[in-house]
Amino acid sequence: MELWHERNREEIEKFSGEYVEFINTALTERLAIEFYKDLLEKNGFVPLQSFTGKEEKVYYVNKNKSLIAARIVDHPKYGFNIIAAHVDAPRIDLKPNPLYEDEGIAMMKTHYYGGVKLYQWYNIPLALVGVIVKEDGSKIDIKIGIEESDPVFVLPDILPHLDRKDQNVSEKFQGEKMNLIVGSIPLKGEEKKPVKKYILKLLKEKYDISEEDFVSADLELVPAVKAREVGFDRSFIGAYGHDDRICSYQAVRALIDAETLEKSAAIILFDKEEIGSEGDVGAKARFYKKFFRKILKVFGENDTEYALDELVENSFVISADVAALINPTFKDVHDKYNAPKAGNGIALVKYTGIRGKAGASEAHAETVAHVRRVLNKAGIKWQVATLGKIGIGGGGTVAKFLAQEGFSVIDMGPGLISMHSPYELVSKVDLYESYLSYRELISKR
Ligand code: MN
Ligand code: MN
């Protein structure tokens, strides 16, 4: 089955266009959650606080960084079809005390977040996005570098003329050498650190920010580049942050668009996946269980702990995350018999982990069979995927943290080329096929 010719091209383009609008807006986990909150509300989802048990659609936002939403069509203890994805993406953060002056240039110290190949982030335009919370609790939204008229920021590398020493990439590019250029005009009449002082003056005037305010901030540097169609045939979408906002988008759309649900459905969007799912907003956190317990309580369950166990046991979870597509130039890192190819549909990942599957929660044969049955019946194209050859590397997703709570989980998602780079590529037809897969699986028993 040639997917490009099998599917309606107009539908692929329409969905891709809507996704591009989202990915250009959702530059951080906070902005992604804000986008979804609006979208869910527009589609009739009510906040958990006002849920009475009569509404079908309900959502809960956890600390502006993670979210759970559900459509309840049965007693919740009979379980949910759940799609879990993450909304954080690899990036460069500012350090808490970032600003300094050196050789007449104002610079900022950064600290990378997630698995990034540091060299890829040098010499590209970066935007500064996030929030600063002042001592009095007021919030300042920062978004500099997105509008055409905005300035951008750059992590400068060294010119090739002075860089002939034979060094490997990890020697050459180190976290402490990722210092951002933020200015070079000295404050008039100032002798000590005049450039830094001028930047501080500007920050005060323009944004009402003091130097200490950077301490209580979530500020991220993200590529200041819009999503674009890639290739003569425009078959790919290049963008920053596909991993994993792409699956979060497909998941939310699947939940909203699914017509008849044979079982209750939910989506959970986590933060902090790229650094091990830690904290109170990641997949190790309790907030989604709190959501389910509240729902069970509204449905009259008194022993919500026991009812939650029942709910978990009766649920099916898709850990919706991206897979590593074969890149023709570097194909020897894959086992070609078990690697996903561009344009071949959604990738099913039975297990992740490294070496002897260490760190993986392998999907049970029964779980994979369920997925096969539902997708085959709907004529949806899927392929198997593993993360590279044995021993080459590896990785994980939110799957194992949900599996450890008792959920039956499988990893599934579209494949990417150049994953974790500032400009990741996805095939439009895989984007669309993954959405169809999620919509089908969330609807069926
Ligand atoms: Mn991911
Ligand atoms: Mn990732």
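Note on numbering: residues in each chain are counted from 1, in written sequence order. Written order decides the labels, with chains lettered from A and ligands numbered from 1. For a predicted model such as this one, the threshold for reporting local features is a pLDDT of at least 70, and the threshold for listing and counting side-chain atom pairs is 80 or more; totals across whole chains, interfaces and linings nevertheless cover every residue. Only heavy atoms go into the side-chain values, all of them from the structure, while hydrogens and water stay out.

**What to know about the coordination of the manganese ion (ligand 2)**
Only N, O and S atoms count as donors, using a 2.8 Å cut-off from the metal and 3.2 Å for Na, K and Ca, and because water is excluded some sites may appear unfinished. Protein coordination of the manganese ion (ligand 2) is provided by D243 (OD), E274 (OE), E274 (OE) and H420 (NE2), with donor distances spanning 2.1 to 2.6 Å. Summarised as a motif, the one-chain spacing of the donors to the manganese ion (ligand 2) is D-x30-E-x145-H. A distance of 3.3 Å spans the gap from the manganese ion (ligand 2) to the manganese ion (ligand 1), which D243 bridges by coordinating each metal. Of this pair, D243 sits in helix α6 (residues 242-257) while H420 sits in the loop between β19 (415-416) and β20 (424-427), and the two are 177 residues apart along the sequence. Take D243 and H420: they sit in the same class, and that class is buried. Secondary structure elements follow DSSP: runs of H or I of four or more residues count as helices, runs of E of two or more count as strands, with numbering from the N terminus. Relative accessible area decides the class of each residue, using a 1.4 Å probe on protein chains only: under 20% of the type maximum gives buried, over 50% gives exposed, and in between gives partly exposed.

**Looking at the nonpolar core**
Nonpolar side chains in soluble globular proteins generally cluster together in the buried interior. By nonpolar core we mean a set of buried residues, namely Ala, Val, Leu, Ile, Met, Phe, Trp, Tyr and Cys, connected to one another through side-chain atoms within 4.5 Å. If you look at the biggest cluster of nonpolar residues, it comprises 59 residues, and the most contacted ones within it are Y36, I83, I267, L269, M412 and Y438. In this analysis, two residues are considered to be in contact whenever any of their non-hydrogen atoms come within 4.5 Å of each other. Excluding anything up to four places from it in sequence, Y438 contacts I83, C247, Q250, A251, A254, I318, A320, D321, I346, M412, G413 and P414.

**Quick word on the environment of P90**
Checked against the element boundaries, P90 lands in the loop between β4 (80-86) and β5 (91-102). Sequence spacing of P90 and Y240 is 150 residues, and the spatial spacing of their C-alpha atoms is 9.2 Å. Filtering out sequence-adjacent residues up to four positions away, P90 remains in contact with Y113, V116, W121, Y240, D243, E274 and H420.

**Structural notes on helix α2 (residues 9-25)**
An α-helical turn contains 3.6 residues, so any two residues separated by three or four positions project in the same direction. With 17 residues, α2 ought to run about 24 Å at 1.5 Å a step, and its terminal C-alpha atoms sit 25 Å apart, in line with that. Among the residues of α2, I12, F15, S16, Y19, F22 and I23 are the ones counted as buried. On an axial view of α2, the arc spanned by its buried residues comes to 120°, and they lie on one face. Away from the buried face of α2 by more than 90 degrees, exposed residues E10, K14 and E21 are located. At its buried positions, α2 is contacted by α1 (3-6), α3 (29-42), β12 (236-239), α6 and α11 (428-443). An expected span of 1.5 Å times one less than the residue number is assigned to each helix. When we speak of the arc, we mean the arc of directions from the helix axis to the C-beta atoms.

**So, unusual backbone geometry**
For the bond running from D243 to D244, omega is 5°, close enough to zero to count as cis. Examined against the element boundaries, D244 turns out to sit in helix α6. With phi around 60°, D208 is a residue other than glycine that occupies positive phi space. You can see D208 is positioned in the loop between α5 (194-207) and β10 (217-223). A relative accessible area of 39% means that D208 is categorised as partly exposed. Located in the positive-phi region is K272, a residue other than glycine, with phi close to 65°. Within the secondary structure, K272 is located in the loop between β13 (264-270) and α7 (287-298).

**Here's the deal with the sheet that holds β12**
In short, DSSP must find at least two bridges between two strands for them to pair. Spatially, β11-β12-β20 is the arrangement adopted by the three strands of the open sheet, whose pairing is antiparallel. Taken across any chain shown, the strands that pair with only one partner, and hence form the sheet edges, are β11 (228-230) and β20. Strand-to-strand twist across the sheet, computed as the mean angle between neighbouring axes with direction ignored, equals 35°. Here β12 runs beside β20; their pairing, made up of four bridges, is antiparallel. Paired with F236 across the two strands is S427, which belongs to β20. Structural elements are reduced to axes, namely lines fitted to C-alpha atoms, with helices fitted over the stretch in contact, and the angle between N-to-C directions of any two is expressed from 0 to 180 degrees.

**Some points on the coordination of the manganese ion (ligand 1)**
Distances from the manganese ion (ligand 1) to its protein donors, H86 (NE2), D243 (OD), D321 (OD) and D321 (OD), fall at 2.1 to 2.5 Å. As a motif over one chain, the donors of the manganese ion (ligand 1) read H-x156-D-x77-D.

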